[in-house]
Amino acid sequence: QVQLVESGGGLVQPGGSLRLSCAASGSIFSINFMGWYRQNPGKERELVATITSGGNTNYADSVKGRFAISRDNAANTFYLQMNSLKPEDTAVYYCNAIVQTGWGKVDRRYWGQGTQVTVSS
């Protein structure tokens, strides 16, 4: 079983920064995809940023230039650095990873439980 645990959320003023972490644990052969999503009540879950096993990154237009996704392969951890935060960034943020649990096993998508980010003055 694979578990993803987020940390780093909280309350921050507009213009401030937060760094979210997502640590994967369990039976991990490889992590082939990592991503961050966010969701506010009444809205659909939004893809924020992704990073592939090769290090290629993509971002939603709303966060380009402000957010950065990265990974630490040795620690099975990936991050979302959020700068110049705006009130509209307020959401529950979820990490996601496609994990292969063993050689020859089918990849599966796993989700973290979510961490609240609130941007308010």
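Residues numbered from 1 in each chain as written. Predicted model: local features only at pLDDT ≥ 70, side-chain atom pairs only at ≥ 80, totals over all residues. Heavy atoms only, no water.

K.L.:
Which parts of the structure should I look at to understand the nonpolar core?
P.N.:
Proteins that are soluble and globular tend to have nonpolar side chains buried together. Membership of the largest hydrophobic core comes to 29 residues, with the highest contact counts inside it found for Trp36, Leu80, Met82 and Tyr93. Among the secondary structure elements, those contributing two or more residues to this core are strand 1 (2-7), strand 3 (18-26), strand 4 (30-39), strand 5 (46-52), strand 7 (67-72), strand 8 (77-82), strand 9 (91-100) and strand 11 (115-119). With 5 residues, strand 9 is the largest single contributor of residues to this core. (Core = buried A, V, L, I, M, F, W, Y, C linked by side-chain atoms within 4.5 Å. Buried < 20%, exposed > 50% of the residue type's maximum accessible area, 1.4 Å probe, protein only. Helix = DSSP H or I, 4+ residues; strand = E, 2+ residues; numbered from the N terminus.)

K.L.:
Help me understand the pairing of strand 5 in this model?
P.N.:
The side chains of a regular strand alternate, first on one face of the sheet and then on the other. Inspection of the sheet shows strand 4 paired to strand 5 by 6 bridges, in the antiparallel sense. Residue pairing across strands places Tyr37 opposite Leu47, the latter belonging to strand 5. As judged from the 3 bridges shared by strand 5 and strand 6 (residues 57-59), these two strands associate in the antiparallel manner. Bridge pairing in strand 6 links Thr50 to Asn58. (Pairing = 2+ DSSP bridges.)

K.L.:
Can you help me understand the state of the cysteines in this one?
P.N.:
One way to say it: the disulfide is the covalent bond shared by the sulfur atoms of two cysteines. As enumerated under the stated definition, the model contains 1 disulfide in all. The residue that forms a disulfide with Cys22 is Cys95, at a sulfur-sulfur distance of 2.1 Å. Disulfide Cys22 to Cys95: torsion about the S-S bond roughly 55 degrees, handedness right-handed. Within this pair, whereas Cys22 is found in strand 3, its partner Cys95 is found in strand 9, the two being separated by 73 residues in sequence. An identical accessibility class is assigned to Cys22 and Cys95; each is buried. (Disulfide = S-S within 2.5 Å.)

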